[in-house]
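# Working through the structure, step by step
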Amino acid sequence: MSLLSALYTSYSGLQVSQLATDIVSNNIANADNPSYTRQKVDISSRISLRVNPGDIGTGAKVDQVIRVHNEFVYERYRDAATKLEFYDYTTQTLQEASQYFPDIDEKGVQRDLLAYFNAWQKLSVNPTESTQKVTVAEAAKNLSLSLQQIRAKLSDLQKLADEHLASVVSEVNKLAKEIANINKKIREAEASDYAHANQLRDERDNLELQLQKLTGAQVLKTGVKTMTETDSYVADYDENYSILLGGFSIVNDDSFRPIAANGELGQNAVYFQQRDLSLIDISKDITGGKLGAILDLRGRTFNKATGESADGLLQKYKDALDVFARGLIQSTNQIYASSAATSMTSALIGDSVSLSPERAKYTPIANLGKEVLVGKVQEGDMTITAYSQEGVRLQPDIVVHIDPKLMSLSQVADAINAQLSARNLDGEARIAGGQLALVTNATSASTQLGSLLISEDTSYIRSALDMTGSKNLDVVDALDIPFTIANGSFTIGVYDDNGVQIAARKIIVDKQSTNPLYSTLHGIAAQINMPRVDDNKDNDMTNDVDDFLVAGFDGNRLSIHVKDQNSELSFNLVDNETGFGGAIGLNSFFVGSSAKDIDLNSLFKNDPAKIQAYDLPVVGNNKIANAMQQLQYENVSFFNLDGSVSRETIMGRYKFLAGSLAEDAATSATSLETATAIENSVGTQFNSISRVNVDEELANLIRFQAGYSANARVISTIQTMLETLLGIKV
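In this report, the structure presented in the accompanying data block is examined. (Residues numbered from 1 in each chain as written. Predicted model: local features only at pLDDT ≥ 70, side-chain atom pairs only at ≥ 80, totals over all residues. Heavy atoms only, no water.)

### Let's talk about a nonpolar patch on the surface
Side chains of Leu 49, Val 51 and Ile 56 sit close together on the surface and give an oily, nonpolar patch of about 210 Å² of accessible area. In this fold, Leu 49 is placed in strand 2 (residues 49-50). Using a relative accessible area of 39% as the deciding quantity, one classes Leu 49 as partly exposed. (Patch = residues over 30% accessible without salt bridge, like charges linked within 9 Å, V, L, I, M, F, W, Y side chains within 5 Å. Areas by Shrake-Rupley, 256 points an atom, 1.4 Å probe, with all protein chains shown as cover. Salt bridge = Lys/Arg side-chain N within 4 Å of Asp/Glu carboxyl O. Helix = DSSP H or I, 4+ residues; strand = E, 2+ residues; numbered from the N terminus. Buried < 20%, exposed > 50% of the residue type's maximum accessible area, 1.4 Å probe, protein only.)

### Points about unusual backbone geometry
Following Gln 395, the chain continues to Pro 396 via a peptide bond in cis, the omega torsion being -10°. Turning to its location among the elements, Pro 396 is positioned in strand 18 (residues 393-402). Although it is not a glycine, Asn 424 adopts a positive phi angle of roughly 60°. Following the sequence through the fold, Asn 424 ends up in the loop between helix 9 (409-422) and strand 19 (427-432). For Asn 424, a relative accessible area of 46% corresponds to the partly exposed category. With a phi angle near 65°, Tyr 460 is a residue other than glycine that sits in the positive phi range.

### Brief notes about helix 2 (residues 71-98)
Helix length check: helix 2 (28 residues) gives 40 Å between terminal C-alpha atoms against 40 Å at 1.5 Å per residue, within 8%. Between the side-chain oxygen at the start of helix 2 and the backbone nitrogen of Phe 72 there is a gap of 3.1 Å, and the oxygen is on Asn 70. (Expected span 1.5 Å × (residues − 1). Polar contact = N/O pair within 3.5 Å; in protein donor to acceptor, adjacent residues only side chain to side chain.)

### Observations concerning the pattern of salt bridges
Evaluation of the coordinates by the stated rule reveals 37 salt bridges. A salt bridge links Glu 696 to Arg 38; its shortest N-O distance comes to 3.9 Å. Highlighted residues: Glu 696 in helix 19 (residues 694-727) and Arg 38 in the loop between helix 1 (3-29) and strand 1 (39-45), separated in sequence by 658 residues. Owing to a relative accessible area of 10%, Arg 38 belongs among the buried residues under this scheme.

### A closer look at the environment of Val 682
Position of Val 682 among the secondary structure elements: in helix 18 (residues 650-690). Overall, the relative accessible area of 8% leaves Val 682 in the buried class. Separated by 608 residues in the primary sequence, Val 682 and Tyr 74 have C-alpha atoms spaced 8.5 Å apart. Filtering out sequence-adjacent residues up to four positions away, Val 682 remains in contact with Val 73, Arg 76 and Tyr 77. (Contact = heavy atoms within 4.5 Å.)

### Considerations on the pairing of strand 22 (residues 488-495)
Within strand 22, six of the eight residues are buried, leaving the element largely enclosed by the surrounding structure. Two elements, strand 22 and strand 23 (residues 501-509), share eight bridges in a ladder whose sense is antiparallel. Note on strand 23: the bridge partner recorded for Ser 489 is Ile 508. What sits between the antiparallel neighbours strand 22 and strand 23 is a turn of five residues, in which Gly 499 has the positive phi angle 80°. Pairing analysis gives seven bridges linking strand 22 to strand 26 (residues 570-576), with the strands arranged antiparallel. Among the inter-strand pairings, Phe 490 is bridged to a residue of strand 26, identified as Asp 575. (Pairing = 2+ DSSP bridges.)

### Remarks on the sheet that holds strand 23
Ordered in space as 23-22-26, the three strands form an open sheet in which the pairing is antiparallel. Looking at the sheet topology across the chains shown, the edges are occupied by strand 23 and strand 26. Each strand axis lies, on average, 20° off the axis of its neighbour in the sheet, ignoring direction. The strands that helix 13 (residues 521-529) touches are strand 22 and strand 23; relative to strand 23, the one it contacts most, it runs at about 150°. (Axes fitted to C-alpha atoms, helices over the stretch in contact; angles between N-to-C directions.)

### Brief notes about the packing of aromatic side chains
Overall, the coordinates contain 19 aromatic pairs when judged by the stated rule. With centroids separated by 5.3 Å and ring planes inclined at 10°, the aromatic side chains of Tyr 77 and Phe 686 adopt a geometry described as stacked. Here Phe 686 lies in helix 18 and Tyr 77 lies in helix 2, a separation of 609 residues in the sequence. Taking relative accessible area as the criterion, Tyr 77 reaches 15% and is therefore assigned buried. On the basis of relative accessible area, Phe 686 is assigned to the buried category, the value being 2%. (Phe/Tyr/Trp six-rings, centres within 6.5 Å; stacked < 30°, edge-to-face > 60°.)

### With respect to the pairing of strand 20 (residues 435-440)
Of the pairings in the sheet, the one linking strand 19 to strand 20 comprises six bridges and is antiparallel in character. Bridge assignment links Gly 427 to a residue of strand 20, and that residue is Thr 440. If you look at the hairpin formed by strand 19 and strand 20, you'll find two residues sitting between the two strands, and Gly 433 has a positive phi there, around 60°.

### Quick word on the nonpolar core
Nonpolar side chains in soluble globular proteins generally cluster together in the buried interior. Ranked by size, the top nonpolar core spans 119 residues in total, and within it Phe 101, Tyr 116, Trp 120, Ile 250, Phe 580 and Phe 589 carry the most contacts. By residue number, the principal contributor to this core is helix 4 (residues 130-189), which donates 20 residues. Excluding its chain neighbours within four sequence positions, the residues that come into contact with Phe 580 are Gln 334, Ile 485, Phe 490, Val 509, Leu 521, Ile 524, Leu 558, Asp 575 and Leu 586. With 29 residues, the next largest nonpolar core counts Val 400, Leu 420, Leu 436 and Ala 464 among its residues. (Core = buried A, V, L, I, M, F, W, Y, C linked by side-chain atoms within 4.5 Å.)

### Let's talk about the environment of Ser 124
In this fold, Ser 124 is placed in helix 3 (residues 109-125). On the accessibility criterion, Ser 124 (9% relative accessible area) is buried. Residues Ser 124 and Val 372, 248 residues apart in the sequence, show an inter-C-alpha distance of 49 Å. Ignoring anything within four residues of it in the chain, the contact list for Ser 124 reads Asn 622, Ala 625 and Asn 626.

### Concerning the side chain of Asn 30
Position of Asn 30 among the secondary structure elements: in the loop between helix 1 and strand 1. The class of Asn 30 is buried, set by a relative accessible area of 18%. Once you skip the residues sitting within four places of it in the chain, Asn 30 turns out to touch Tyr 36 and Val 692.

Structure (structure tokens):
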């Protein structure tokens, strides 16, 4: 050994202290940088010289500069931050939605409901007062408008969430692409064992956190190493890297696969883009982060038939609002259907078919095309049941074999007419409004034919042409009307100008019956029109319901009206739990089928004086107004989308709806508080490991400064020794 060797040893100490001071300086400079991970130097002894009597050290060296990063703690921090982002977005949205359902009486649907029922109560006191009728009309319009506005605001929240989804997907692709690029740079920078791309890793960590908060994606790293010999908190570095979203790898080391927000189905869905550019819907598999919250709130699937989401919390509230509105509409209309009138026409039931006479006559049914047919047709039999004028089923049934590939609709009618003629049944099959109509001649003395009804159709023509009047009521109930008809009966009564009942007929409704007289709308009309039913049991066939009223089904609307419009007769429907009149909209007070389109009947909007407080045209009669204001205290049926039926008051149902939303918002807020506490706790632990502690760094700075000064003193001493040595004269 020599003085020069000692000089180099001290010089290495100067270099180590200087580098360590640089690191401390950089740490302090980034003390307020939330994306920075504090660094430290890994110092070791240089190789010793092996001499006798023992090894002599040659100084110190810096093996590596490492980040003080613990991947296991950071993973927990990312997960906590992801849950916080999920509940933060959910809570904000639900709190905004809950504001649409205020509980205070001065604002919202609750106030409008009270005003609506109070208006009916005041009308019941003065049933002919025009100003009170105006008040009822205004209250009904305000209530309808409030329901429409709430539903529209919920739809706006869904649309906003849908827009957020598209922007999140764009941001995710940007982040994922940057991560893949950084991975490539890290691989290049860390080609040697002790070269650590600390800044690049910090940048990647920050992007990982943002990406996971947005999507809840799974970050997978293998080859994470601990460095207990250097720092017991350090667990970093990896061999393989990937990010999974919805089970698909959007980042695999330095390669990147994008996701897409595709809105072709009506709302944006999240798709993974494969190498062949085909798309796989992964919406149902994304459950975390802001994107998961968006999908939970807005809905993950789309219902083309309704043009809205098929699921999601916001859709749940809209559906619940629709169920509430339907219950209000049907129960109100059911009461109003018992108000005497000279004519009643239902709402449109099903779709109207447009079919020209030429196509009906010459075009085979199977070739009519989707613009006419709403379903498939096949070869099969149509069975038609004939009834006598007393309503007795005539045997046997008429069976017509139909080949839709060969027969036009007119040829089907001709085949039916041939069998009617052969049996001397005075009825006729006609083509009317693009549908097959079966008519009878009630004056016939030859057969006393009362009605003709389609009882079965294995060719499916009646459903393909949407012949709603001929379809079973259980099918109509499920597909063609938004309300529900129950089995039972209702009574149709006829009254003179003094309100005296002069005829009444019980009409049976049985949706599942094989007898079309009870299970189809055509059958309901036939029961009303049946000419030889002695309603009054007086052996007089000229003073029964069919002598005063006529029912028909045209253009998929059921209508009932007084035959002689110059008479002073009127009629009403008194229901026995079927909900029939309210379900199909006969003499309706409200129109529409949901909170989206509920409204006061235009007849009463244009002229509120036409609102009737009575069920019978008798001076002082206020039965309808009384029943309407009493409705607020009675349990009505709410038909839920899952098929269940709830019986509760209208106000109680609304409060339950508003309370459910408020409870969901409160639950989410509680979850947000919990997630915040967990994120703070894990964040504190992570920060204690990886963030800069200025006091600690200042202590290190003093330590390294002292080391630098000591090494400098040694060098100065050696310099003096060398000068002394060189000054000796030989």
